[in-house]
Amino acid sequence: MQVFDYDKTQVSSDTTELERKHLDSEEELEDLLNANPEMLLDETVLIFSRQPSLEPGLPDLVALDQYGNVIVFELKKGFSGTGSASEETILSQPQNYARALAPFDYDDLNDLYQEYVRQIEEDEINVDGSALQGDELDEAFEAVFGQTLRPSQYNEKQRMVILAETITGQTTENALYLQEQGLNVQCQETQIFETEEGDRIVANSIVVDYDNRRVRPKRGSGNPAHKEENEEILR
C-alpha cells in the first residue's frame, strides 16, 4: 500500500510518498483500534469487550454490528500468518473464539461489557472513558446505532475479522475458502504512515469482504427493532 501527500497550488503540484511506520507491538495496534473503532471495517461497530477470558483463549477485540451480531477481531502486527499466529492458526483462532461466543445470550454479552467497563474505569487498558456509551450493553447499542434490539436478537450470527498491517496471499486464499464454506470471514490491512511534519496517517484496505446482506438477520424488513415499536407492542 502506498500513500502520498499531495500539495497542489495554482502554479504547480507536488507529491511525496509518505514513510511507512511499523508498529512496535500488537498492543499498540490494539490500543489504536480500541480507541478509534471507526477504523474497524467500513461500517459502524460497537466494541464491548477486550481480551475476555474464553475457553479457547483471549480474543483481541469483540464488537457488535448494527444487527447485534458478534464480531471477533484477531489483530496482527506485521504480516498475517507470522509470529505468534501462523498461517495454520491465524484463522482457526477467531473460529474458536466465535464458536465459544455462539451460545452467549444478551446477559452473557452484557457481563462481558461490564468487565470491559471495569477495565476502562480502572485504567487497565489504554482507552479513554469516552469509549463507554452506556452503563448497560443495550444502552451502549442504542447510543451507537440509534436503535434497540430485543434480548433474543443479539448474537444471532458470529463474524470474524483478521486485521493486520499486511494480509498475506495465503491468508487471503484461506479466508476466501472459509467464506465459500459459509463462515463470515473478512480481512483488513491497517497501516500507519508519517508526514514530514511528523503527523500520522492511518490507511485501511479491506482485502477480503462480503456483501452486508450475508450477515443481516431475517427480521421482516431486515432492520433492528425500533424502541418506539417495541413499546407500542408491549402496551
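Scroll up a little and you will see the structure.
Quick look at the structure, then. Fair warning: this is a prediction, and the values are worked out from it, not measured in the lab.

**A closer look at the packing of helix α3 (residues 106-121) against helix α4 (residues 137-145)**
Right, on to step 1. Packing of α3 against α4 brings their axes to within 9 Å, and their N-to-C directions diverge by 85°. The angle between α3 and α4 falls in the class roughly perpendicular. Residues Y106, L109, N110 and Y113 of α3 lie in contact with α4, whose contacting residues are L137, D138 and A140.

**With respect to helix α2 (residues 92-101)**
Right, on to step 1. The set of residues buried in α2 consists of P94, Y97, A98, A100 and L101. Within α2, the buried residues cover an arc of 160° as seen down the axis, which keeps them to one side.
Right, on to step 2. Its buried side turned inward, α2 meets β5 (61-64), β6 (70-79), α3 and β7 (158-166).

**Section: the nonpolar core**
Soluble globular proteins: nonpolar side chains tend toward being buried together.
Right, on to step 1. By size, the foremost hydrophobic cluster in this structure holds 42 residues, and its most contacted members are L33, L40, F48, L64, V70, F73 and L137.
Right, on to step 2. Looking at this core, the elements with two or more residues in it are α1 (26-35), β4 (46-50), β5, β6, α2, α3, α4 and β7.
Right, on to step 3. No other element matches the seven residues that α3 contributes to this core.
Right, on to step 4. Not counting residues up to four positions away in its chain, the partners in contact with L64 are V45, L46, F48, N69, V70, I71, L109, L137, F141, F145 and Y154.
Right, on to step 5. Membership of the second largest hydrophobic core comes to 12 residues, among which are L91, I167, A175 and L178.

**Remarks on the pairing of β5**
Right, on to step 1. Where burial is concerned, the two faces of β5 agree: the one with L61 and A63 and the one with V62 and L64 are both buried.
Right, on to step 2. By the bridge criterion, four bridges tie β4 to β5 in an arrangement that is antiparallel. Residue pairing in the sheet places I47 in a bridge with A63 of β5.
Right, on to step 3. Pairing geometry for β5 and β6, over four bridges, is antiparallel. Within β6, the residue paired with L64 across the bridge is V70.

What counts and how
- Residues numbered from 1 in each chain as written.
- Predicted model: local features only at pLDDT ≥ 70, side-chain atom pairs only at ≥ 80, totals over all residues.
- Heavy atoms only, no water.
- Axes fitted to C-alpha atoms, helices over the stretch in contact; angles between N-to-C directions.
- Helix = DSSP H or I, 4+ residues; strand = E, 2+ residues; numbered from the N terminus.
- Parallel < 35°, antiparallel > 145°, perpendicular 65-115°, else oblique.
- Contact = heavy atoms within 4.5 Å.
- Buried < 20%, exposed > 50% of the residue type's maximum accessible area, 1.4 Å probe, protein only.
- Arc of directions from axis to C-beta.
- Core = buried A, V, L, I, M, F, W, Y, C linked by side-chain atoms within 4.5 Å.
- Pairing = 2+ DSSP bridges.

Geometric descriptors of this kind do not, in isolation, establish any biological role.
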